[in-house]
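Descriptive structure summary
Here are the chains, one letter per residue:
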Amino acid sequence: MLNLQLYIEGQQVDLFDDESVTLTQTIQNVMDIDKVFTDFSKTFSVPASKINNKIFKHFHNPFIVGFDARFKKEAELHLNYKLFKKGKIKLEGSTKKDNKADTYKLTFFGNTIALKDLIGEDKLDALSFINRYFSFQYTNSNIKLYMENGLDVLAEDELIEDAIIFPLITHTKRLIYDSGHDSTNINTETTNNIAYINDSNYGLEIAQLKPAIKVHAIIKAIESQYNLQFSKDFFSTTNDVYSKLYLWLHNKTGGLSTGQINQSFAENFAMEENDGGVTLKPNGFKLTRDNSKGLNILVRPTSNNPFNVVVYRDGEELARYDQVSLNYNDNTEWDLFHQINGHIDGLVNGDFQIAIESETSNTFFLRFHVNYVSGTFKRSRDTYFNAEATVGVNMKIKAARQMPDMKVMDFLTGLFKMFNLTSFRRDDGVVEVKTLNDFYKDSTKTWDVTKDIDKTSQEVNTVLPYKQIDFSYKGNDSFLAASFEEINKKKWGSLSHNVERKFDGKIYKVELPFEHFQFERLNNINNGNNTTIQWGWSADIKQEAYVGEPLLFYPILNTGAFGIVDIDGVVSQKTQYYQPSNSLALEDSFNINFKAEYNEYSRPSIPYQNTLFKTFYENYISEVFDPQKRLTKTKAYLPMSMLMEFSLADKIRIFDVLYRINKITTNFETMQSSLELINSKENFGEKISVDPVVPDRFKPVDLCVTIDDTTSLFTYSNKTIDISCDTDGLEFISTRELIPDDISTGNKPKQNNVSVPVEVTSATVDSITTGVSATEILTSYFITKLGKVGQVAQLDEYGIFHSTTASDLSGTTYDALVAGSATQVKFETTELDKRPELPKQVLIKVSGLTSGTTVYWKGYVRTNTDSQYKTSDTIAPLKSGTTHA
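Residues numbered from 1 in each chain as written. Predicted model: local features only at pLDDT ≥ 70, side-chain atom pairs only at ≥ 80, totals over all residues. Heavy atoms only, no water.

**Description of the overall build of the chain**
Applicable threshold: In this description a helix means any DSSP run of H or I spanning at least four residues, a strand means any run of E spanning at least two, and both kinds are numbered starting from the N terminus. Classification of residues uses two cut-offs on accessible area relative to the type maximum, computed with a 1.4 Å probe and protein chains only: under 20% is buried, over 50% is exposed, and between them is partly exposed. Should any heavy atoms of two residues lie within 4.5 Å, those residues are counted as being in contact. In these tables, accessible area is a Shrake-Rupley quantity obtained with a 1.4 Å probe, and a residue counts as shielded only by the protein chains included in the view.
The helix and strand inventory of the chain stands at 14 helices and 55 strands. Per-residue burial for the chain yields a buried fraction of 50% across its 885 residues. Pairs at least 24 residues apart make up 71% of the contacts formed inside the chain by residues separated by at least 6 positions. Here the chain displays about 42600 Å² of accessible surface, and carbon together with sulfur accounts for 47% of that area.

**Overview of the confidence of the model for the chain**
As a general rule, the predicted coordinates of low-pLDDT regions are not to be interpreted in detail. Quick reminder of the rule: What pLDDT expresses is the predictor's confidence in each residue, scored from 0 to 100.
Taken as a whole, the chain shows an average pLDDT of 81; of its residues, 82% reach a score of 70 or greater. Within the chain, no element has a lower average pLDDT than helix 7 (residues 334-343), which sits at 40, and none a higher one than strand 17 (residues 246-248), at 98. Residue range residues 692-724 is modelled with pLDDT below 50. Its contacts to residues more than four positions away, or to other chains, number 31 contacts. Confidence drops under pLDDT 50 across residues 726-755; counting only partners more than four residues distant or on other chains, this segment forms 49 contacts.

**Here we look at the sheet that holds strand 37 (residues 530-537)**
What counts here: Pairing between strands requires that DSSP locate at least two bridges from one strand to the other.
Pairing is mixed across the open sheet formed by 3 strands, whose spatial order is 12-37-36. Every other strand in the sheet has two partners, leaving strand 12 (169-170) and strand 36 (520-523) as the edge strands with one partner each.

**Observations regarding the sheet that holds strand 52 (residues 840-846)**
Put simply, the test is: Structural elements are reduced to axes, namely lines fitted to C-alpha atoms, with helices fitted over the stretch in contact, and the angle between N-to-C directions of any two is expressed from 0 to 180 degrees.
Sheet architecture is open: 3 strands sit in the order 46-47-52, paired in antiparallel fashion. Here the strands that pair on one side only, and so sit at the sheet edges, are strand 46 (764-767) and strand 52. Each neighbouring strand pair of the sheet contributes to a mean axis angle of 25 degrees, computed without reference to strand direction.

**Observations regarding the packing of aromatic side chains**
Selection rule: Only Phe, Tyr and Trp rings are paired, with Trp represented by its six-membered ring, and only when their centres lie within 6.5 Å; those with planes under 30 degrees apart are stacked, over 60 edge-to-face, the remainder tilted.
The final tally for this structure, using the stated rule, is 41 aromatic pairs. Pairing Phe285 with Phe352 gives two aromatic rings, centres 5.4 Å apart and planes at 5 degrees, and the pair type is stacked. Remark: Phe352 occurs in strand 25 (residues 350-358) and Phe285 occurs in strand 21 (residues 284-287); sequence separation between them is 67 residues. Of the two residues examined, Phe285 and Phe352, each falls in the buried class. Their ring planes at 20 degrees and their centres at 5.2 Å tell us that Tyr798 and Phe827 sit as a pair that is stacked. Placement of Tyr798 in strand 50 (residues 797-803) and of Phe827 in strand 51 (residues 823-828) is noted, with a sequence separation of 29 residues between them.

**Some words on the environment of Gln458**
Looking at the secondary structure, you find Gln458 in strand 32 (residues 453-461). Residues Gln458 and Thr634, spaced 176 residues apart in sequence, show a C-alpha to C-alpha distance of 4.8 Å.

**Considerations on the nonpolar core**
To be explicit about the condition: For this analysis, a nonpolar core means a set of buried residues of the types Ala, Val, Leu, Ile, Met, Phe, Trp, Tyr and Cys, connected via side-chain atoms within 4.5 Å.
In terms of nonpolar packing, the biggest core is built from 138 residues, with Ile130, Phe134, Ile213, Ile222, Phe411 and Phe419 touching the most fellow members. Leave out the neighbours within four places in its chain, and Ile130 touches Ile213, Ala217, Ile218, Ala221, Ala399, Ala400 and Met403.

**Description of the side chain of Ser803**
Note the cut-off: Under this definition, polar contacts are N or O atom pairs within 3.5 Å; protein pairs additionally need one hydrogen-donor-capable and one acceptor-capable atom, and for neighbouring residues in sequence, both atoms have to be side-chain atoms.
With respect to the element layout, Ser803 can be found in strand 50. A residue is classified by how much of its surface remains accessible, and Ser803, at 10% relative accessible area, is buried. Reaching out from Ser803, the side chain makes a polar contact with the backbone nitrogen of Thr805 at a distance of 3.0 Å. A distance of 2.8 Å separates the side chain of Ser803 from the side chain of Asp808, its partner in a polar contact. Look past the residues within four positions of Ser803 in its chain and what remains in contact with it is Asp808, Leu809, Ala822, Thr854, Val855 and Tyr856.

**Some thoughts on the pattern of salt bridges**
For side chains of opposite charge, pairing can occur when their charged atoms come near one another. Operational definition: By salt bridge we mean one thing: a side-chain nitrogen of Lys or Arg within 4 Å of a carboxyl oxygen of Asp or Glu.
By the definition in use, this model includes 28 salt bridges. We note a salt bridge from Lys633 to Glu676, for which the minimum N-O separation is 3.9 Å. A residue pair is termed long-range when its members are at least 10 positions apart, and Lys633 in strand 40 (residues 631-636) and Glu676 in strand 43 (residues 672-679) qualify at 43 residues. On the accessibility criterion, Lys633 (30% relative accessible area) is partly exposed. Assessed through its relative accessible area of 13%, Glu676 is described here as buried. Ionic pairing is found between Lys826 and Glu828, a salt bridge with its closest N-O pair at 3.6 Å.

**Comments concerning the side chain of Lys858**
Note the threshold: Charged residues are defined here as Lys and Arg on the positive side and Asp and Glu on the negative side; His and the ends of the chain fall outside this count.
Following the sequence through the fold, Lys858 ends up in strand 53 (residues 854-862). For the buried Lys858, no salt bridge is present, and the opposite-charge side chain at shortest range is Asp808, 11 Å distant. At 2.9 Å, the side chain of Lys858 forms a polar contact with the backbone oxygen of Gly811. Once residues lying within four places of it in the same chain are set aside, the contact partners of Lys858 are Gly799, Ile800, Phe801, Leu809, Ser810, Gly811, Leu817, Ile875, Ala876, Pro877 and Leu878.

**What to know about the packing of helix 5 (residues 215-225) against helix 9 (residues 408-418)**
To be explicit about the condition: Geometric relationships in this document are graded by angle, where less than 35 degrees denotes roughly parallel, more than 145 denotes roughly antiparallel, 65 to 115 denotes roughly perpendicular, and other angles denote oblique. Handedness of a crossing is defined here by the sense of rotation of the near helix relative to the far one, left-handed for an anticlockwise turn of less than a right angle and right-handed for a clockwise turn.
It is the contact of helix 5 with helix 9, at a shortest axis distance of 12 Å, that shows an interaxial angle of 125 degrees. In terms of orientation, helix 5 lies oblique with respect to helix 9. You can see that helix 5 and helix 9 cross each other, and the crossing is left-handed. Where helix 5 abuts helix 9, its residues Val215, Ile218, Ile219 and Ile222 lie against Val408, Phe411, Leu412 and Leu415.

**Concerning helix 5**
Every α-helix winds through 3.6 residues per turn, so residues three or four apart in the chain are directed the same way. Burial of helix 5 is extensive: 9 of the 11 residues sit out of reach of the surface. Within helix 5, burial applies to Val215, His216, Ala217, Ile218, Ile219, Lys220, Ala221, Ile222 and Glu223. One or two positions beyond helix 5, positive phi appears at Asn227, with a value near 55 degrees.

Spelled out as structure tokens, the structure:
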């Protein structure tokens, strides 16, 4: 007897005895290939019992304030009081009968769906982790340094190396290279000639550059802000595809200093009088009490110049007070206290930072007063603390303020689409993020549900309703990318995947929400030779400054001499720089194009083949477009052990057909599961292959005329009689039903004449030599053809005999080998796996060896072990292997 229990935030919910709760589990549905799914249930009802009214706080009564249905609640599903799934419950509403509460309507969601709930509509510039740790002084020396040696940042106990860099990407002007320094190629309002000469009319204007931040820093910021922990399967610093990816900090046309004044954040916070409610940090403070609060700020400058005060909460600007003028010798600064307090009374909890903006150098001393009430008698509590801020001549650049205008959820979704990632939340709270390839590769479990299926009905459909899938980037309007599209009539780096033969279906788009630049390797105008300098240009087809979508790229530290003009007009030479690139390296390597393109730096070499599609999508899409693929729908009464333990990466076997799980929907009232299965092979992405087999009843041997002459054709009046039987191109391919009419048939042969012994034939094997290491040897062979009992092909037993002594394997029969001293490893089949897919590899690992040890082995196959029929065994030739010295 199976019982379902539901717990919401640790409280058990009353369920109807006859209520049907249906849970659907899917990881990546082939019918909607760019989305990542997880567990969800159809909406179900629970009674408005005394317990449930307490849990949902009489939600049906609008005059009772309590349960907020806008937010999902932590929940658990249990089967027979054993944890089955963790997730969240959403209260959809309630019903009444006779003006009394009757039911509450609920939906259960798996944990992965919580990401959207946590992140909401937040944008990248609201990530307080970035705001706190990632900033630098905008000076000539810093920019030149970060052009070849990025800024290392220690953030929350992790050192992020080269967290901020300055790549060779210009926001407005076009770069050229003329070593002849022709007077017509001097720097202009639209062009920089970067060939070095000690002349300020030539060289890269340093103000044309903007920084970039490592994507890993953004992922860390998301983990910190939303209390998440991503697994290290993909988001790992050892995974170059991810860890070397950068986001260009570009959110408006023009340079970094355009329209900005110097800003400095208060730091060196120190407590003066502590009555609770406040936690100090090196560069801010955290309000921790839920009661009503007021914040007063006293600012005391050391010079009498206007300044701005900006209050940030959780990285977002909460309040701003511009052009504040105070006489630093006057003691009336407390007036500012009350002015600010009046604007930001009643604060909510969060991480706070205070910034001072000033056009002149100045030092500011700050005093803070936090007031809140607590206790039954609403006692007023006050906490006082101090800080200071110094605004220097050099502008301080904060990466958070330069972030592209993009939602955090859109950024994550873009990365998931880009690398075909899938995710789910483990019971320990870690959000496991893997590529789809790795997700399927990491599971070796196969569930045989042959005995559990409901054989009354099955449905077999085409897998994909699309005839074509388009992979592209949203942003393709930068000058070089747009020019490429005009010339080639296709988007740079995009790919349309379809089949050669046309068929009905829709076109599906997988579009990344990022910009995709085509970069340019500069030629020397003076002699026509290639330089070693590659750059990016953020201009549109009109060669005007262009913002576009957020840009991702790989920086490559390259050698190349060019001139640079700093902010003060001083000229110097750079010999190393971060080259922006779509590939990881200058040679053929992984690249973030979908289609193999000629690499901009190595052109006209062969296209770089290790694309996003090739690396992360090809297996999945090739499976989907395989003409032998079918989406099979059937029902089964799955055992409790499988429901509790199976992973969506596991495979399912029904008779001798292997399937990958597309979706499983289980009704916990009837315990019947609806399965959506895709016929598959052991290796993800491997195509289904069916050998043509002509059933005996269709063989045309008796249906055509042949002659005895096997060397020529007899021709008369343009009529021919062929030397072989022509089937006019008709190919018969054997087909197997999902479920045979009688599942008890098995492999038992039908013996028509009991006086004639049933013939038993041997299997055929192909012995091979396999791998060795210093301590292990892999022994192996292939079963290439099954033996038969009568007309039925079958396999009863197989295995390997092995020994370190060759004489132990001198026997030539199964019985002789069993009687010897060799170690036997055997596998016995059941009625359900007597007919495996061929060729079948038998692989045994012999471990714990020392170097230089030789192992000898023989494989064997037994067609039949039933005593009422003959035996016919196959013994593979003797093989050996020696461990490495």
